[in-house]
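# Descriptive structure summary
One letter stands for each residue in the lines below.
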Amino acid sequence: MGAQKSIHAGKAKIDVNVDLTHKLCASLMLTPFRSTGSPLSLVIGSLYLKHPNLFGGSEKLDVSLDKGLYDSNVLIAYRRPRPEWLAQQSFVIQHSIAPEIGVHGVPMDNFSRSGSGGVNLSRLAVGLDLNEPTSTKWSSTTSIKFEHIRPLSDDGRSISRDFDGFPVTCSGSSHDNMVVLRQESRYAKANDHSFCRLSLQIEQGIPVLSKWLIFNRFKFIASKGLKLGPAFLLTSLTGGSIVGDMAPYQAFAIGGLGSLRGYGEGAVGSGRSCLVANNELTFPLHKMLEGAIFLDCGTDLGSGIYVPGNPALRQGKPGCGLGLGYGLRFKSQFGHFQVDYAINAFQQKTVYFGISNLAS
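So, here's what we can say about the structure. (Residues numbered from 1 in each chain as written. Predicted model: local features only at pLDDT ≥ 70, side-chain atom pairs only at ≥ 80, totals over all residues. Heavy atoms only, no water.)

## What about the overall build of the protein chain?
Put simply, the rule reads: The helix count covers DSSP runs of H or I at least four residues long, the strand count covers runs of E at least two residues long, and both are numbered beginning at the N terminus. Buried means the residue's accessible area, taken with a 1.4 Å probe over protein chains only, is under 20% of the maximum for its type, while exposed means over 50%, and partly exposed covers the values in between. Calculation of accessible area relied on Shrake-Rupley with a 1.4 Å probe; when residues are assessed, cover is drawn exclusively from the protein chains displayed.
Looking only at helices and strands, one finds three helices and 21 strands in the protein chain. Within the span of the protein chain, comprising 360 residues, buried residues form 39% of the whole. When the accessible surface of the protein chain is split by element, carbon and sulfur atoms take 63% of a total near 19,200 Å².

## A word on the nonpolar core
Heads up, the rule is: By nonpolar core is meant a set of buried Ala, Val, Leu, Ile, Met, Phe, Trp, Tyr and Cys residues that side-chain atoms within 4.5 Å join together. Any two residues whose heavy atoms approach within 4.5 Å are treated as being in contact.
Core analysis: the biggest nonpolar cluster contains 22 residues, and Met-178, Phe-215, Tyr-249, Ile-254 and Tyr-263 have the highest contact counts within it. Counting only elements with at least two residues in this core, the list comes to strand 11 (176-190), strand 15 (252-254) and strand 17 (273-284). Not counting residues within four places of it along the chain, the set of residues in contact with Ile-254 comprises Ser-259, Leu-260, Gly-266, Ala-267, Val-268, Gly-269, Cys-274, Val-276, Gly-298, Thr-299 and Asp-300.

## Some details on the side chain of Ser-223
Structurally, the position occupied by Ser-223 is in strand 13 (residues 215-228). In this view, Ser-223 contacts Phe-195, Cys-196, Arg-197, Leu-234, Thr-235 and Ser-236; residues no more than four positions away in its chain are not counted.

## What to know about the environment of Phe-330
In this structure, Phe-330 sits in strand 19 (residues 320-332). On the basis of relative accessibility, which here comes to 35%, the residue Phe-330 falls in the partly exposed class. Here the alpha-carbon distance between Phe-330 and Gly-291, two residues 39 residues apart in the chain, equals 8.9 Å. Excluding its chain neighbours within four sequence positions, the residues that come into contact with Phe-330 are Met-288, Leu-289, Gly-335, His-336 and Phe-337.

## Points about the environment of Thr-141
Threshold: For this analysis, a polar contact is any N or O atom pair within 3.5 Å, provided that within protein one partner can donate a hydrogen and the other can accept it, and provided that sequence-adjacent residues contribute only side-chain to side-chain pairs.
Following the sequence through the fold, Thr-141 ends up in strand 10 (residues 138-152). For Thr-141, a relative accessible area of 17% translates into the label buried. In sequence terms Thr-141 and Arg-186 are 45 residues apart; their C-alpha atoms lie 8.7 Å from each other. Ignoring anything within four residues of it in the chain, the contact list for Thr-141 reads Leu-130, Asn-131, Arg-182, Gln-183, Glu-184 and Arg-186. Engagement of the side chain of Thr-141 in a polar contact is seen with the side chain of Arg-186, the distance being 3.1 Å.

## Remarks on the pattern of salt bridges
How we decide: Put simply, a salt bridge is a Lys or Arg side-chain nitrogen that is within 4 Å of an Asp or Glu carboxyl oxygen.
Counting across every chain of the model gives 15 salt bridges. Two residues, Asp-155 and Arg-157, come together in a salt bridge whose shortest N-O distance is 3.2 Å. Glu-280 serves as the salt-bridge partner of Arg-329, at 2.9 Å between the closest nitrogen and oxygen. Of this pair, Arg-329 sits in strand 19 while Glu-280 sits in strand 17, and the two are 49 residues apart along the sequence. Residue Glu-280 is classed as buried on the basis of its relative accessible area of 14%. Each member of the salt-bridge network shares a partner with another, and the members are Arg-261, Glu-280, Asp-296, Arg-329 and Asp-340.

## Overview of the packing of aromatic side chains
For clarity, the threshold we go by: Pairing of aromatic side chains requires ring centres within 6.5 Å, counting the rings of Phe and Tyr and the six-membered ring of Trp. Pairs whose planes differ by under 30 degrees are stacked, by over 60 edge-to-face, and all others tilted. Whether a charge lies above a ring is judged from NZ of Lys or CZ of Arg, which has to be within 6 Å of the ring centre and within 35 degrees of the ring normal.
One pass over the structure, following the stated rule, counts seven aromatic pairs. Between the aromatic rings of Trp-138 and Tyr-187, the centroid separation amounts to 5.1 Å while the plane-to-plane angle is 50°, which identifies the pairing as tilted. Linking Trp-138 in strand 10 with Tyr-187 in strand 11, this pair joins segments that are 49 residues apart in sequence. Note on Phe-146 and Trp-212: the rings are 5.5 Å apart at their centroids and 45° apart in plane angle, and the pair reads as tilted. Here Trp-212 lies in the loop between strand 12 (194-206) and strand 13 and Phe-146 lies in strand 10, a separation of 66 residues in the sequence. Judged by relative accessible area, which is 29%, Phe-146 ranks as partly exposed. The ring of Phe-252 carries Arg-217 above its face, with NZ or CZ at 4.0 Å from the centroid. Seen from the ring of Phe-294, Arg-261 lies directly overhead, with NZ or CZ sitting 3.9 Å from the centre.

## Examining unusual backbone geometry
If you check the backbone angles, Phe-111 has positive phi at about 70° while not being a glycine. Turning to its location among the elements, Phe-111 is positioned in the loop between strand 7 (106-108) and strand 8 (113-115). Located in the positive-phi region is Asn-310, a residue other than glycine, with phi close to 45°. Here Asn-310 shows up in the loop between strand 18 (289-299) and helix 3 (311-314). We classify Asn-310 as buried; its relative accessible area is 13%.

Printed below as a string of structure tokens:
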């Protein structure tokens, strides 16, 4: 049961999307790992506030609040008008709370799903985003932000160690602080028969104070789409690595929807490096319905032992995996929906439900 409503208050616009989701329906899409005693804990929804002319000079203010069953995210962005040939600036404040299942989650049912590891992350980020003007097929975004990360238990208490007594922060205390300079460059090229995309992300931890994290984290995503008659083949390769200071929550988690289907979130591995390949062939079944077959594989390149506390080894993650299956894709004016049926290398069946590109 859900509702959507747009409210105009002067020049401001408020978009409300609330979903009073029944616990049974939610359990079909999400792995239940925490008790939900309050009725409000079953509410899933989002609230957006947009003001196009905050101080009369075309300044824009965007405020968004998203709440899931076990996570929440608040984002405030303020943008000042600048000439089109200059980088567009956004002052951003963001706070989120989410379970750290990818690294600390425990694989269950032959790795087909992940249970809670009892570690949640509270992230506070304050900083500046710079969106560079698009040049030909390239675009780039630069940001510099202060980040305060505090691990929490399931009941909201600050923690410094996991259930096995290993640190969950780099500093060994109840929180980590860092200043992160992030650069992302994107390339896109498309025609009637194919497309290719490339994303390069580099994060550098700046040692403003001696106890703050110093690291370099690199990630790339390369994808290629090719039309084969009425069918369409999509293949992508994702990889990354991190050097320097590292907290367990910075590890690359492998497994789950959007990574390696047939496995639970992070159930394949979590390492300092990763390499994941996804291949999917879709073919039309109806005007708004497509069928799909896919093959995913991934590995941590043997880097799981270099993550502080080695959570992957303690949880028995294999470090590499293979998943294959088939699914349906339904396209409508309200968004894209997908249902996937997958098995992993342990022959454990998994059903995924996905929703993407929802219209506002």
